[in-house]
Amino acid sequence: MTKKERLKKIFPILKEKFGEPKAALEFETPYQLMVAVILSAQCTDARVNIVTKELFKVVKEPADIRKMNQETLEKYIKSTGFYKNKAKNIKLNAEMMLDKYKDIIPKKLEELIELPGVGRKTANVVLGELWNIREGIVVDTHVKRLSNRIGFVKNDNPEIIERELMKFIPKKYWFVYSHYLILHGRDKCIARKPKCEICEIRDYCKYNEENLKKSKINN
């Protein structure tokens, strides 16, 4: 089965299962979304939402971060992990937002990734969630794991995975593809012990195919 054939089988199943997915991160302003995605690195969305519930009471726009000293910001975001580095990047980000973009979040990926703390993943999330702009595919740990297991890619490098996926996934599906794989990764295709026996897409998944072959050989 080719990658395109797998996609044609799997995508409708995930679409029916998850419908129109909504952002897991909670925010009110575009800037808050960018901050939340920066905080989500090596951290769960659930934990980020707990942290930002308090942080976003005082932070709405970049100017609010510029007024806050780094030590105070660190206290707010400590439980997200790597908090010192994240706080430093968020502070630098807020400065560059004023100096380079007059506090308006740019709508181009190449401009977004110039901001401290913003890589391709963050930029793609911001562009997709705020303006439905598709310049790439969000590749987080779930998307990386599932894309490999399903048989779409055979690589652990997020940028290479993104390029490979973009070759055969229609551009109109780039953003929602990531949403579906993230949700399915949390629900069935979990990291340590995927629930293949009750997985909706098991018949089109390479990981499941290989496990069935091994089982037949052993029996």
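What counts as what
- Residues numbered from 1 in each chain as written.
- Predicted model: local features only at pLDDT ≥ 70, side-chain atom pairs only at ≥ 80, totals over all residues.
- Heavy atoms only, no water.
- UniProt positions renumbered as here; feature names shortened; annotations may be inferred.
- Helix = DSSP H or I, 4+ residues; strand = E, 2+ residues; numbered from the N terminus.
- Buried < 20%, exposed > 50% of the residue type's maximum accessible area, 1.4 Å probe, protein only.
- Contact = heavy atoms within 4.5 Å.
- Salt bridge = Lys/Arg side-chain N within 4 Å of Asp/Glu carboxyl O.
- Domains from an automatic or database assignment.
- Buried area = accessible area lost by both parts, 1.4 Å probe.

Named according to an unreviewed UniProt entry, the protein is Endonuclease III originating from Leptotrichia buccalis. The record in UniProt for the protein states the following under Sequence similarities (unreviewed entry): "Belongs to the Nth/MutY family." The record in UniProt for the protein states the following under Catalytic activity (unreviewed entry): "2'-deoxyribonucleotide-(2'-deoxyribose 5'-phosphate)-2'-deoxyribonucleotide-DNA = a 3'-end 2'-deoxyribonucleotide-(2,3-dehydro-2,3-deoxyribose 5'-phosphate)-DNA + a 5'-end 5'-phospho-2'-deoxyribonucleoside-DNA + H(+)".

Enquirer: Help me out: how do you make sense of the UniProt feature "binding site: [4Fe-4S] cluster" (unreviewed entry) in the protein in this one?
Expert: With numbering aligned to this structure, UniProt lists the feature "binding site: [4Fe-4S] cluster" (unreviewed entry) at Cys189, Cys196, Cys199 and Cys205. These annotated residues cover 17 residues of sequence, and their C-alpha atoms lie no more than 10.7 Å from one another, placing them together at a single site. Relative to the elements of secondary structure, Cys199 occurs in the loop between α11 (174–187) and α12 (206–218). Residue Cys199 is classed as buried on the basis of its relative accessible area of 8%. Excluding anything up to four places from it in sequence, Cys199 contacts His184 and Lys188. Structurally, the position occupied by Cys205 is in the loop between α11 and α12. Classification of Cys205 as buried rests on a relative accessible area of 9%. The residues touching Cys205, leaving out its near neighbours within four places in the chain, are Arg6, Arg149 and Ile150.

Enquirer: For this particular structure, what's the right way to read the pattern of salt bridges?
Expert: Here the idea is simple: oppositely charged side chains can pair when their charged atoms come close. A full pass over the atoms with the stated rule returns 13 salt bridges. A salt bridge links Lys17 to Asp187; the nearest nitrogen and oxygen atoms lie 2.5 Å apart. Of this pair, Lys17 sits in helix α1 (residues 3–18) while Asp187 sits in helix α11, and the two are 170 residues apart along the sequence. Note on Lys17: relative accessible area 28%, which makes it partly exposed. Its salt-bridge partner being Asp103, residue Arg66 comes within 2.7 Å of it at the nearest N-O pair.

Enquirer: Just checking my understanding: could you explain the UniProt feature "domain: HhH-GPD" (unreviewed entry) in the protein for this structure?
Expert: In the UniProt entry, the feature "domain: HhH-GPD" (unreviewed entry) is given for residues 39–187. Between the end C-alpha atoms of residues 39–187 there is a gap of 23 Å, over a span that is 64% helix and 0% strand.

Enquirer: What should I look at first to understand the domain arrangement of the protein in this one?
Expert: Note: interface size is frequently given as the accessible area lost on complex formation between the parts. According to the domain assignment, the protein contains domain 1 (30–131) and domain 2 (138–218). Of the residues lining the interface, seven residues belong to domain 1; the matching set on domain 2 comes to eight residues. Between domain 1 and domain 2, roughly 620 Å² of surface is buried when both sides are summed, and carbon and sulfur atoms account for 56% of that area. Inspection of the domain 1/domain 2 interface yields two salt bridges. For Arg120, the salt bridge goes to Glu162, with nearest N and O atoms at 2.7 Å.

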